[in-house]
Amino acid sequence: MKQFRYLQRTTPHEAMAALDATPNSAFLAGGTTLIDLMKLDVEQPSDVIDINPLPLDRIEALPGGGVRIGALARNSEVARHELIRTQYPVLAEALLSGASPQLRNMATVGGNIMQRTRCYYFRDVSFACNKRLPGSGCPALDGFNRIHAIFGTSENCIATNPSDMNVALTALDSMIRVSGRNGERTIPFEDFHLVPGESPQRETLLEKGDLITAVDIPASSFAANSLYLKVRDRASYEFALASVALAIEMSDGRIANARMAFGGVATKPWRARNVEQVLTGSEPSEDLFERAARAAVEGALPRRDNAFKVELLQRAVVKALRVLRQAGKMGVRA
Ligand SMILES: Cc1cc2nc3c(=O)[nH]c(=O)nc-3n(C[C@H](O)[C@H](O)[C@H](O)COP(=O)(O)OP(=O)(O)OC[C@H]3O[C@@H](n4cnc5c(N)ncnc54)[C@H](O)[C@@H]3O)c2cc1C
Ligand code: SF4
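Being a predicted model, the structure only gives us computed values, none of them experimental. (Residues numbered from 1 in each chain as written. Chains lettered and ligands numbered in written order. Predicted model: local features only at pLDDT ≥ 70, side-chain atom pairs only at ≥ 80, totals over all residues. Heavy atoms only, no water.)

1. As for the pairing of strand 11 (residues 254-263)
Okay, step 1: Extensive coverage of strand 11 is indicated by the burial of seven of its 10 residues.
Okay, step 2: One ladder, built from nine bridges, connects strand 10 (residues 242-251) with strand 11; its direction is antiparallel. Among the inter-strand pairings, Ala245 is bridged to a residue of strand 11, identified as Ala261.
Okay, step 3: As paired elements, strand 11 and strand 12 (residues 270-271) share two bridges and run antiparallel to each other. Paired with Ala261 across the strands is Arg271, a residue of strand 12.
Okay, step 4: Between strand 11 and strand 12, which pair antiparallel and follow one another directly, the connecting turn spans six residues, one of which, Gly264, has a positive phi of 75 degrees. (Buried < 20%, exposed > 50% of the residue type's maximum accessible area, 1.4 Å probe, protein only. Helix = DSSP H or I, 4+ residues; strand = E, 2+ residues; numbered from the N terminus. Pairing = 2+ DSSP bridges.)

2. A short note on the site of ligand 2
Okay, step 1: Among the 14 residues in the neighbourhood of ligand 2, the closest are listed as Cys119, Cys129, Cys138, Cys157 and Ile158.
Okay, step 2: In terms of residue class, the shell around ligand 2 is made up of 10 nonpolar, three polar and one charged. (Near = heavy atom within 4 Å. Nonpolar A, V, L, I, M, F, W, Y, C, P; charged D, E, K, R; others polar.)

3. Thoughts on the site of ligand 1
Okay, step 1: Residues in contact with ligand 1 amount to 32 residues; listed here are only the nearest, Phe27, Thr32, Thr33, Thr108 and Asp164.
Okay, step 2: Here a nitrogen atom of ligand 1 sits 3.3 Å away from a polar atom, N or O, in the side chain of Gln115.
Okay, step 3: Interatomic distance of 3.0 Å between a side-chain N/O atom of Lys230 and an oxygen atom of ligand 1.
Okay, step 4: For ligand 1, whose free accessible area comes to 990 Å², the fraction covered by protein is 93%.
Okay, step 5: Those elements that place two or more of their residues in the shell around ligand 1 are strand 2 (25-28), helix 2 (34-39), helix 7 (109-114) and strand 8 (211-217).
Okay, step 6: For the shell around ligand 1, the residue count by class is 16 nonpolar, 12 polar and four charged. (Polar contact = N/O pair within 3.5 Å; in protein donor to acceptor, adjacent residues only side chain to side chain. Areas by Shrake-Rupley, 256 points an atom, 1.4 Å probe, with all protein chains shown as cover.)

4. Describing the packing of aromatic side chains
Okay, step 1: This model, assessed by the stated rule, comprises four aromatic pairs.
Okay, step 2: An angle of 80 degrees between the planes, with centres 6.1 Å apart, marks the rings of Tyr120 and Tyr121 as edge-to-face.
Okay, step 3: A residue is classified by how much of its surface remains accessible, and Tyr120, at 31% relative accessible area, is partly exposed.
Okay, step 4: For Tyr121, a relative accessible area of 10% puts it in the buried group.
Okay, step 5: On the basis of an interplanar angle of 15 degrees and a centroid distance of 5.7 Å, the ring pair of Tyr120 and Phe144 is categorised as stacked. Here Tyr120 is found in the loop between helix 7 and helix 8 (165-171), whereas its partner Phe144 is found in the loop between helix 7 and helix 8, with 24 residues between them in sequence.
Okay, step 6: Three or more aromatic residues joined by ring pairs form one cluster here, namely Tyr120, Tyr121, Phe127 and Phe144. (Phe/Tyr/Trp six-rings, centres within 6.5 Å; stacked < 30°, edge-to-face > 60°.)

5. Description of the sheet that holds strand 6 (residues 175-180)
Backbone hydrogen bonds hold the strands of a sheet together, and the pairing may be parallel or antiparallel.
Okay, step 1: Within the open sheet, the five strands sit side by side as 4-5-8-6-7. Their pairing is antiparallel. In this open sheet, the two strands that pair with only one neighbour each are strand 4 (59-61) and strand 7 (183-188). Strand-to-strand twist in this sheet, taken as the mean axis angle between neighbours without regard to direction, amounts to 25 degrees.
Okay, step 2: The pairing of strand 5 (residues 67-70) with strand 8 spans four bridges and is classified as antiparallel. Bridge assignment links Ile69 to a residue of strand 8, and that residue is Val215. (Axes fitted to C-alpha atoms, helices over the stretch in contact; angles between N-to-C directions.)

6. A few points about the side chain of Thr170
Okay, step 1: Structurally, Thr170 can be placed in helix 8.
Okay, step 2: At 2.7 Å, the side chain of Thr170 and the backbone oxygen of Asn166 are in polar contact.
Okay, step 3: The residues contacting Thr170, other than those within four sequence positions of it, are Phe189, Glu190, Ala261, Pro269 and Arg271. (Contact = heavy atoms within 4.5 Å.)

7. Considerations on the sheet that holds strand 11
Okay, step 1: The strand order across the open sheet formed by four strands is 9-10-11-12, and the pairing between neighbours is antiparallel. Looking at which strands have only one partner, the edges of the open sheet turn out to be strand 9 (226-231) and strand 12.
Okay, step 2: Across the face of the sheet, helix 5 (residues 89-96) comes into contact with strand 9 and strand 10 while running at roughly 25 degrees to strand 9.

8. Comments concerning the domain arrangement of the protein
Okay, step 1: Partitioning the protein into structural domains gives domain 1 (5-53) and domain 2 (226-326).
Okay, step 2: A straight line from the C-alpha centre of domain 1 to that of domain 2 covers 36 Å. (Domains from an automatic or database assignment.)

Right, here's the structure in full:
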């Protein structure tokens, strides 16, 4: 690990100023991504700015409905908060499906949003990697690419965004609150992460000096009828091969409103608007679920080792819809 300077800051303003002061600095929240990557020499910040003392850990109901989750709220606190468990089950389930209890006690919402890919080549500095070193190449394209993406890829990078939480927050139409040089702004969750295109090193819309302060989830008529389904190589302590965040509102026996997003299959949290369109206005049925599954994989670009994800994702979509119906959340219990 390269030597670095440790700084601690107690206000957002001081933290942003410290980050801005040196070209190669990083915020430290729970440290469960950053410290790992520093040990691997993938990240080598000269200054590490500990933001844990900042007053950004609250989870509070918003006056007009909805909820605001501070960037320093721990993943475990968010998952067990009553408002989240009862009104946004998809988020609680996504968080509880991730990592381990110990990691979730440390991991924060801001850090989870910003976590980096688990691509093996990215995490091993003996390999080339366009994300680590732009222009150096992408060994995953023709290498071992079983865990890699089938959506949102480019000839420069096919790495997945590994977060479970991000998938749920995308489905819930959340907004990310950011403080920066020019004041405060909000960014729709769906737009925040970038596909790799020509510049895989740029992963989000954050600018130098920006601090994520909170995530707002708006009130909705569908969030309480939701779930997260994650498929992985083992039952716990494992990243998604494919995952589905699903939320549904019913009216007169038909699906009035649907939200769906995927994880484990795309270079960013992947909103499945075409599937939402297939579902909206229809009565739940096996035939509808199969059509939704086919729509889910339109445009997929599998590579040598990850073609199984095309079938896996379709099965995950059907299963998520069946589970919600069997829970009595699509009218009559099937
Ligand atoms: C063994 C293991 C298994 C895991 N399994 C899963 C899993 O199954 N599913 C899953 O989703 N995740 C998983 N994770 C990842 C885990 O969820 C993340 O490491 C965690 O959420 C990161 O949060 P943190 O607070 O520790 O971030 P940190 O490591 O402190 O920071 C991560 C990055 O975010 C930046 N950052 C932090 N806070 C802010 C902020 N407020 N504003 C701007 N930038 C900020 C930091 O500078 C850094 O670049 C796993 C991790 C490990 C180690
Ligand atoms: S897929 Fe992306 S992260 Fe992985 S080696 Fe290629 S460029 Fe690097």
